[in-house]
Amino acid sequence: NAGVTQTPKFQVLKTGQSMTLQCAQDMNHEYMSWYRQDPGMGLRLIHYSVGAGITDQGEVPNGYNVSRSTTEDFPLRLLSAAPSQTSVYFCASSYGQENSPLHFGNGTRLTVT
Amino acid sequence: GNSVTQMEGPVTLSEEAFLTINCTYTATGYPSLFWYVQYPGEGLQLLLKATKADDKGSNKGFEATYRKETTSFHLEKGSVQVSDSAVYFCALRGTTDKLIFGTGTRLQVFP
């Protein structure tokens with residue numbers, strides 16, 4: 001029962017470095033999304049996808065890229081990390097219907113120095 | 001656009017006290033409403049949901065009723081335990097597929 005798997009759990013980057021946060025789900029969910037969680041801000045949607053080959057922007061997309069080449073995987077790319085991107089990142093997936101709850105991964109804690 | 005407003009925390013209670021965490025929303029149409037819980041160091045877990053007006057979601061002694069007339073979805077529990085200490089998030093999901101969260105309310109329960 002893997003559910004939603006995120007890697008890595010922790011990452012430290014220097015300003016300007018790039019990296020990819022991985023997310024995979026084994027529930028055949030059409031919908032996948034990335035959130036960032038910051039103190040006092042709740043969870044803010046970065047990007048989401050309603051199916052393979054389709055992605056769209058959320059509330060805070062700047063500085064992040066995504067792609068959805070398969071149903072299972074939804075990686076999040078930071079092209080040039082900035083200290084403002086220090087946060088905890090969560091990947092989540094669900095069936096496509098609006099009454100379907102999201103299933104969350106355990107998060108990636110990213111620090112940019 | 002859609003939005004969710006939660007009461008600010010932390011909420012501090014003694015064990016066996018009654019809990020209410022307020023949540024109100026703004027949305028077009030008829031969204032589904034959710035409460036999620038986050039324990040320290042973990043991701044969010046679905047606690048309960050309601051998909052239409054007057055529905056009551058319940059789980060683990062927690063309840064919330066979808067009130068369209070007051071656009072509210074307040075979380076309640078009759079007798080909290082220390083193990084209920086966590087951060088609680090109210091959320092809505094409308095026809096755009098996006099799940100919109102409130103800022104979260106930290107609950108601390110002391111023995």
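On a predicted model such as this, the values are computed, not experimentally measured, just so you know. (Residues numbered from 1 in each chain as written. Chains lettered and ligands numbered in written order. Predicted model: local features only at pLDDT ≥ 70, side-chain atom pairs only at ≥ 80, totals over all residues. Heavy atoms only, no water.)

## Thoughts on the sheet that holds strand β3 (residues 19-21) of chain B
Residues and elements named next belong to chain B. The condition that has to hold: Strands qualify as paired when DSSP identifies two bridges or more between them. We count a stretch as a helix when DSSP gives it H or I for four or more residues in a row; a strand needs E for two or more, and each element gets its number in order from the N terminus. Between the N-to-C directions of two axes lies an angle of 0 to 180 degrees, each axis being a line fitted to C-alpha atoms and, for a helix, fitted only over the stretch in contact.
One open sheet accounts for 4 strands, arranged β3-β9-β8-β7; its pairing is antiparallel. In this open sheet, the two edge strands, each paired with only one partner strand, are β3 and β7 (56-59). Between one strand and the next, the sheet's axes are offset by a mean angle of 15 degrees, whatever the strand orientation.

## Some thoughts on the nonpolar core
Residues and elements named next belong to chain B. To keep it simple, the criterion reads: In this text, buried Ala, Val, Leu, Ile, Met, Phe, Trp, Tyr and Cys residues form a nonpolar core when linked through side-chain atoms within 4.5 Å. Working definition: with a 1.4 Å probe on protein chains only, accessible area under 20% of the residue-type maximum means buried, over 50% means exposed, and in between means partly exposed. The contact definition used throughout considers only heavy atoms, calling two residues in contact when any of these lie within 4.5 Å.
Core analysis: the largest hydrophobic core is formed by 26 residues, its most contacted members being Leu19, Trp35, Leu47, Leu48, Phe73, Leu75 and Tyr88. Breaking this core down by element, the ones donating at least two residues are β2 (11-14), β3, β4 (23-26), β5 (32-38), β6 (44-50), β8 (62-65), β10 (86-93) and β12 (105-110). Among the elements that make up this core, the one with the highest residue count is β10 (4 residues). Apart from residues no more than four positions distant in its own chain, Leu47 is found in contact with Trp35, Tyr36, Val37, Asn59, Lys60, Phe62, Leu75 and Tyr88.

## So, the state of the cysteines
Inclusion rule: Disulfide: a pair of cysteine sulfur atoms within 2.5 Å of each other.
Counting across every chain of the model gives 2 disulfides over all chains. What pairs with Cys23 of chain A in a disulfide is Cys91 of chain A, and their sulfur atoms sit 1.9 Å apart. What sets the handedness of the Cys23 of chain A and Cys91 of chain A disulfide is the S-S torsion sign, and at about -70 degrees it is left-handed. Here Cys91 of chain A lies in strand β9 (residues 87-94) and Cys23 of chain A lies in strand β3 (residues 19-25), a separation of 68 residues in the sequence. Here Cys23 of chain B connects covalently by a disulfide to Cys90 of chain B, the sulfurs 2.0 Å from one another.

## Notes on the side chain of Lys77 of chain B
Residues and elements named next belong to chain B. Quick reminder of the rule: Any pair of N or O atoms that falls within 3.5 Å is considered a polar contact. Within protein, one atom must be able to donate a hydrogen and the other to accept it, and sequence-neighbouring residues count only if both atoms are side-chain atoms.
Mapped onto the secondary structure, Lys77 falls in strand β9 (residues 75-77). Within the structure, Lys77 has its side chain in polar contact with the side chain of Asp84 (distance 2.8 Å). Apart from residues no more than four positions distant in its own chain, Lys77 is found in contact with Ala17, Phe18, Leu19, Lys60, Gly61, Phe62 and Asp84.

## Brief notes about the interface of chain A and chain B
Test applied: By convention, the term buried area covers the 1.4 Å-probe accessible surface removed from two parts as they join, with the contributions of both added. Side-chain classes are defined by residue name, with Ala, Val, Leu, Ile, Met, Phe, Trp, Tyr, Cys and Pro counting as nonpolar, Asp, Glu, Lys and Arg as charged, and the others, Gly among them, as polar.
Contact residues are listed per partner, giving 23 residues for chain A and 23 residues for chain B. Carbon and sulfur atoms supply 53% of the area buried between chain A and chain B, which totals about 1800 Å² over both sides. On the surface where chain A and chain B come into contact, there are 5 residue pairs in polar contact (both at pLDDT 80 or more). Listed by contribution, the elements that provide at least two residues to the side of chain A that touches chain B are β4 (31-38), β5 (42-51) and β9 of chain A. Here the element with the most residues in the side of chain A that touches chain B is β5 of chain A; it accounts for 5 residues. Taken together, the residues of the side of chain A that touches chain B break down into 12 nonpolar, 10 polar and 1 charged.

## Some details on the packing of aromatic side chains
Residues and elements named next belong to chain A. Applied cut-off: Geometry of aromatic contacts follows a simple scheme: Phe, Tyr and Trp rings, the Trp one being its six-membered ring, pair when their centres are within 6.5 Å, and the pair is stacked under 30 degrees between planes, edge-to-face over 60, tilted otherwise.
For the structure shown, the criterion picks out 12 aromatic pairs over all chains. When the ring of Phe90 is compared with that of Phe104, the centres are 6.4 Å apart and the planes differ by 80 degrees; the resulting orientation is edge-to-face. Of this pair, Phe90 sits in strand β9 while Phe104 sits in strand β10 (residues 103-104), and the two are 14 residues apart along the sequence. When its relative accessible area of 2% is taken as the criterion, Phe90 is described as buried.

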